[in-house]
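The primary structure of each chain is shown beneath.
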Amino acid sequence: MPTSPFMSLNGRVVPYAECTIHAFSGVVKYGAGVFEGLRAYWNAEREELFVFRLKEHLDRLRYGMKVLRFDTVFEADFMAKSLLDMIRANALRENAHLRMIAFLDGDDELAATGPVGLVCGAIPRPPSKAVLDGVHVAVSTYGRLSDNVLPPRVKSTANYVNNRAAEMEAKRNGYNGVLMLTGQGKVSEGSGACFFMVRNGALHTPDVASDILESITRDTVIQLAREMGMTVIERTIDRHEVYAADEAFWCGSGFEIQPILTLDRLAIGTGTPGSMTRDVQRAYFAAVEGRSNTHPDWLTPVWAPT
Ligand code: PMP
């Protein structure tokens, strides 16, 4: 699926082919970048495109720039305008995945802190088959990065060397995806999503100290599930508990909510999408598509800003 014709570079809308940086910039040499993957959903009835939880994504991006000690931490308003201008230039009226990267530009040494650039792009995304059908997952032989190595809660470009290695291993072995464990052997997260399981009628998810990204979708699921009366427990989870789970699913902006059917070829529950997973999916899509009005602050309209 190709990136849309217009992108945004340092606050300016530019054609895709002109969205370039130097090959010796800090992000290329040292992986010095932080990024966000967001989604926008088209609501045909309201004739509006909604960016989901833009504020929270921009907060996390600013946090990442601060931790990487970039000498510019872009204002949220500037980043929001860059993103929305780009979406409007592409006349997007369909579901899309949005990517923003704040990166170290220039051609300097390892400890350089600027200049800092910002790039935004959009990729139209049709509904995913995995959301409907579910996925098969393997535990990775690669351990998850830890907080005092490359902090997983900072969504830095460099971290994804770890995710990529794990994902490629899983795909080579015929799985759809991968579950990574912490250095202590506890359940952490996937290559691009956080993990939930159902045991004894409650939702369980690794706590934020389990070397996970502090996922915005995870927070969304926790809130929506509690509003539906479900019990949600954030805690350390053992690998072998997952084999005993009744249901499991991934959550992430890109992944959305994907049922996990098997882990290491052992069926989770019946090996089919579970009823609590389906309930979470229904609530999630109603929220992101702007069909439920319980959290209007989560939605940024693109075409009729208020
Ligand atoms: N974990 C990892 C490693 C991810 O890359 C992502 C995707 N950003 C997530 C979790 C889910 O985060 P979010 O819900 O904020 O998209």
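Quick note: structure is the one above.
Nothing here was measured: the structure is a model prediction, and the numbers come from that model. Sequence order sets the numbering: in each chain, residues are counted from 1 along the sequence as written. For this predicted model, a pLDDT threshold of at least 70 governs which residues receive local features, and a threshold of 80 or more governs which side-chain atom pairs are given and counted, while totals over whole chains, interfaces and linings are taken from all residues. Only hydrogens and water are set aside; all other atoms, that is, all heavy atoms of the structure, feed into the side-chain values.

## Brief notes about the pairing of strand 11 (residues 202-206)
- For strand 11, a buried count of 5 out of 5 residues is recorded, marking the element as mostly surrounded by other parts of the structure.
- Linking two consecutive strands that pair antiparallel, namely strand 10 (residues 194-199) and strand 11, is a turn of 2 residues; a positive phi of about 50° is found at Asn200 within it.
- DSSP calls a pair of strands paired once it identifies at least 2 bridges connecting them. Strands here mean DSSP runs of E at least two residues long; helices mean DSSP runs of H or I at least four residues long; both are numbered from the N terminus. Pairing analysis gives 4 bridges linking strand 11 to strand 12 (residues 232-235), with the strands arranged parallel. When the sheet's bridge partners are listed, His204 is paired in strand 12 with Ile233.
- Running through helix 6 (residues 216-227), the crossover from strand 11 to the neighbouring parallel element strand 12 is right-handed. Accessibility here uses a 1.4 Å probe with only protein chains present; expressed as a share of the type maximum, an area under 20% marks a residue as buried, one over 50% as exposed, and anything in between as partly exposed. Handedness of a crossover is defined as follows: orient the strands so they point away from the viewer, and if the path from the first strand over the helix to the second runs clockwise, the crossover is right-handed.

## Observations concerning the pattern of salt bridges
- Each reported salt bridge corresponds to a side-chain nitrogen of Lys or Arg within 4 Å of a carboxyl oxygen of Asp or Glu. As enumerated under the stated definition, the model contains 21 salt bridges in all.
- In this structure, Lys55 engages Asp59 in a salt bridge whose closest nitrogen and oxygen atoms are separated by 2.8 Å. One end of the pair is Lys55 and the other is Asp59, both in helix 2 (residues 54-67) and 4 residues apart, which spans about a single turn.
- In this structure, the salt-bridge partner of Glu167 is Lys171, at a minimum N-O distance of 2.6 Å. Placement of the pair is Glu167 and Lys171 together in helix 5 (residues 160-172), with a separation of 4 residues, close to one helical turn.

## Considerations on unusual backbone geometry
- Look at the link from Gly114 to Pro115: it is a cis peptide, with omega at -5°.
- Note that Pro115 resides in the loop between strand 5 (96-104) and strand 6 (116-124).
- Positive phi, close to 50°, is recorded for Ala91, a residue that is not glycine.

## Description of the pairing of strand 3 (residues 33-43)
- Counting buried positions over the 11 residues of strand 3 gives 10, a clear majority of the element.
- Relative to strand 5, strand 3 runs antiparallel, the two being bridged by 8 bridges. Its bridge partner lying in strand 5, Phe35 is registered against Ile101.
- The pairing of strand 3 with strand 4 (residues 48-52) spans 4 bridges and is classified as antiparallel.

## Let's talk about the sheet that holds strand 3
- On the basis of which strands lie adjacent, the open sheet formed by 7 strands has the order 2-1-6-5-3-4-16 and antiparallel pairing. Looking at which strands have only one partner, the edges of the open sheet turn out to be strand 2 (12-15) and strand 16 (299-301). Geometrically, the sheet is characterised by an average inter-axis angle of 30° between neighbouring strands, direction not taken into account.
- Its contacts with the sheet put helix 8 (residues 275-288) on strand 3, strand 4 and strand 16, and the angle it makes with strand 4 is roughly 115°. For helices, the axis comes from a line fit to the C-alpha atoms of the stretch in contact; other axes are also lines fit to C-alpha atoms, and the angle between any two N-to-C directions lies between 0 and 180 degrees. In what follows, residue pairs with any heavy atoms lying within 4.5 Å of each other are defined as contacts.

## Here's the deal with the site of the ligand
- Residues are counted as near a molecule or strand when any one of their heavy atoms sits within 4 Å of it. With respect to spatial proximity, 17 residues lie near the ligand, and among them Tyr160, Glu189, Ser215, Thr217 and Ser253 are the closest.
- Side-chain atoms alone can form a polar contact between residues adjacent in sequence; in general such a contact is a pair of N or O atoms within 3.5 Å, and within protein one must be able to donate a hydrogen while the other accepts it. Between Thr217 and the ligand, the recorded distance is 2.5 Å, taken from a side-chain N or O atom to an oxygen atom.
- Side-chain polar atom of Ser253 to an oxygen atom of the ligand: 2.6 Å apart, as the coordinates give it.
- When isolated, the ligand has an accessible area of 380 Å², and the protein chains bury 96% of it.
- Put simply, the parts of the chain that give the shell around the ligand at least two residues each are helix 5, strand 9 (187-190) and helix 6.
- Gly is put with the polar residues, along with every residue not named as nonpolar or charged; the nonpolar set is Ala, Val, Leu, Ile, Met, Phe, Trp, Tyr, Cys and Pro, and the charged set is Asp, Glu, Lys and Arg. By residue class, the composition of the shell around the ligand is 5 nonpolar, 8 polar and 4 charged. A 1.4 Å probe and the Shrake-Rupley method give the accessible areas. Residues count as covered only by the protein chains that appear here.

## Quick notes on the packing of helix 6 against helix 8
- With their axes 10 Å apart at the nearest point, helix 6 and helix 8 run at an angle of 110° to one another. Taken together, the axes of helix 6 and helix 8 lie roughly perpendicular to each other. For helix 6 against helix 8, the interelement crossing comes out right-handed. For the pair helix 6 and helix 8, the contacting residues are Thr217, Thr220, Val221 and Leu224 in the first and Val280, Ala283, Tyr284 and Ala287 in the second.
- Per-class residue counts for the contact of helix 6 with helix 8 are 6 nonpolar, 2 polar and no charged. Note that the term roughly parallel is reserved for angles under 35 degrees, roughly antiparallel for angles over 145, roughly perpendicular for angles of 65 to 115, and oblique for everything else. Crossing handedness is read from the near helix: turned anticlockwise from the far helix by less than a right angle, it gives a left-handed crossing, and turned clockwise, a right-handed one.

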